[in-house]
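Chain residues, written in single-letter form:
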Amino acid sequence: MASIADRIYDRMTQDSQSTKVWTARDFADIGTRSAIDVALHRLQSNKRIRRIDHGLYDVPHTNQLTKKFSPPDYKSVIQAVARRDGTKVLVDGITAANNLGLTNAVPSKVVVWTDARVKPIKLDRMIIEFKQVAPSRLVWANRPAAQVVQALIWLRDVLSSDGDRITKRLKAILNKGDAGDRIRKDLQDNLGDLPVWLVPVVKDLLKSDTMEPDTDPSRRSTHALGIRS
């Protein structure tokens, strides 16, 4: 019978998400917490897995160019922190917009809003900073439409001038398979959780693409996201 360490390692290497970051909670079905902690420590000591931060582990992958281990995917690290600490997490607006392809602006650090005190995590040249905020700012945390909402709030000042491009990109996201359907439903069912100014913007975004387009070029970008002149 395979040891607990071997069973943990098999799960980590056979998972379809090769960049996944793991916590002890992810192996609760394999053994007791103390046994899992011992197994993870043994795997780390044997260099079969990598310890990223307290209670966070992955199977490192070698970069073919540098021949060094690649840093873990920061999005997977954030998700693992949420599982490890049982906390809510919500990335800030610029990070969300960058993740969704709505801006080329690259944040110098990733800021994550949370309801717990979490120490910063350094990943090679990137820093994930966790900012404890009021519960009222975490309404969309851990929900399908979280990043769309955060990105739109951050992009508020450019919606009137860049509405067409933003609309096109977001509609492509909303129309992309099951993930898009979940985002769309989340927005449709929870309009009341949006800032008042954002409600008409999202309603316009959710309208069918079969509607007759606005033929006035001077008004198209503002109407595209429900922004009135």
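Use the structure listed above.
All values reported here derive from a predicted model rather than from experimental measurement.

Chemist: Quick one: what's the story with unusual backbone geometry, residue by residue and with numbers?
Modeler: Phi is positive for Asp 124, close to 55 degrees, though the residue is something other than glycine. Its relative accessible area of 52% is what places Asp 124 among the exposed residues. Phi at Asn 142 takes a positive value of approximately 60 degrees, unusual for a residue other than glycine. Mapped onto the fold, Asn 142 is located in the loop between strand E6 (126-132) and helix H5 (146-154). Given a relative accessible area of 51%, Asn 142 falls into the exposed group.

Chemist: Summarise the pairing of strand E4 (residues 110-114); cite the residues concerned and give the values.
Modeler: In terms of burial, E4 is largely enclosed, as 5 of its 5 residues are buried. The side-chain alternation of E4 yields two buried faces, one formed by Val 110, Val 112 and Thr 114 and the other by Val 111 and Trp 113. Two strands pair when backbone bridges link them, and strand E3 (residues 89-91) and E4 are joined in this way by 3 bridges, in the antiparallel orientation. The partner of Val 89 across the bridge, within E4, is Thr 114. Two elements, E4 and E6, share 5 bridges in a ladder whose sense is parallel. Its bridge partner lying in E6, Trp 113 is registered against Lys 131.

Chemist: Go over the environment of Val 77, please, and point to the residues and values.
Modeler: Structurally, Val 77 is set in helix H3 (residues 74-85). Separated by 51 residues in the primary sequence, Val 77 and Ile 128 place their C-alpha atoms 9.0 Å from one another. Not counting chain neighbours up to four residues away, the residues in contact with Val 77 comprise Val 21, Leu 56, Pro 72, Ile 121, Leu 123 and Ile 128.

Chemist: A description of the pattern of salt bridges should follow, citing residues and the corresponding values.
Modeler: Across all of its chains, the model carries 14 salt bridges by this definition. The salt bridge involving Arg 165 is made with Asp 162; its shortest N-O contact spans 2.8 Å. A residue pair is termed a helical-turn pair when its members lie 3 or 4 positions apart in one helix, as Arg 165 and Asp 162 do in helix H6 (residues 159-174) at 3 residues. Classification of Arg 165 as partly exposed rests on a relative accessible area of 37%. Under the relative-accessibility criterion, Asp 162 is labelled partly exposed at 24%. Taken together, the salt bridges that share partners define one network made up of Asp 53, Arg 84 and Asp 85.

Chemist: Please give an account of the pairing of strand E1 (residues 50-53) that cites residues and values.
Modeler: Bridge count for E1 against strand E2 (residues 56-58) is 3 bridges, and the pairing is antiparallel. Among the inter-strand pairings, Asp 53 is bridged to a residue of E2, identified as Leu 56. Linkage of E1 to E2, two consecutive antiparallel strands, is achieved through a turn of 2 residues, within which Gly 55 is found at a positive phi near 75 degrees.

Chemist: Tell me what's going on with the sheet that holds strand E5 (residues 121-123), and back it up with residues and numbers.
Modeler: Taken in spatial order, the 4 strands make up an open sheet running E3-E4-E6-E5, and their pairing is mixed. Two strands close off the open sheet at either side, each with one partner strand: E3 and E5. Sheet twist, expressed as the average angle between the axes of neighbouring strands with direction ignored, equals 25 degrees. Along the sheet face, H3 touches E3, E4, E5 and E6 and points at about 35 degrees away from the line of E6.

Reading guide: rules and limits
Residues numbered from 1 in each chain as written. Predicted model: local features only at pLDDT ≥ 70, side-chain atom pairs only at ≥ 80, totals over all residues. Heavy atoms only, no water. Buried < 20%, exposed > 50% of the residue type's maximum accessible area, 1.4 Å probe, protein only. Helix = DSSP H or I, 4+ residues; strand = E, 2+ residues; numbered from the N terminus. Pairing = 2+ DSSP bridges. Contact = heavy atoms within 4.5 Å. Salt bridge = Lys/Arg side-chain N within 4 Å of Asp/Glu carboxyl O. Axes fitted to C-alpha atoms, helices over the stretch in contact; angles between N-to-C directions.

Worth remembering: the numbers are spatial, not functional.
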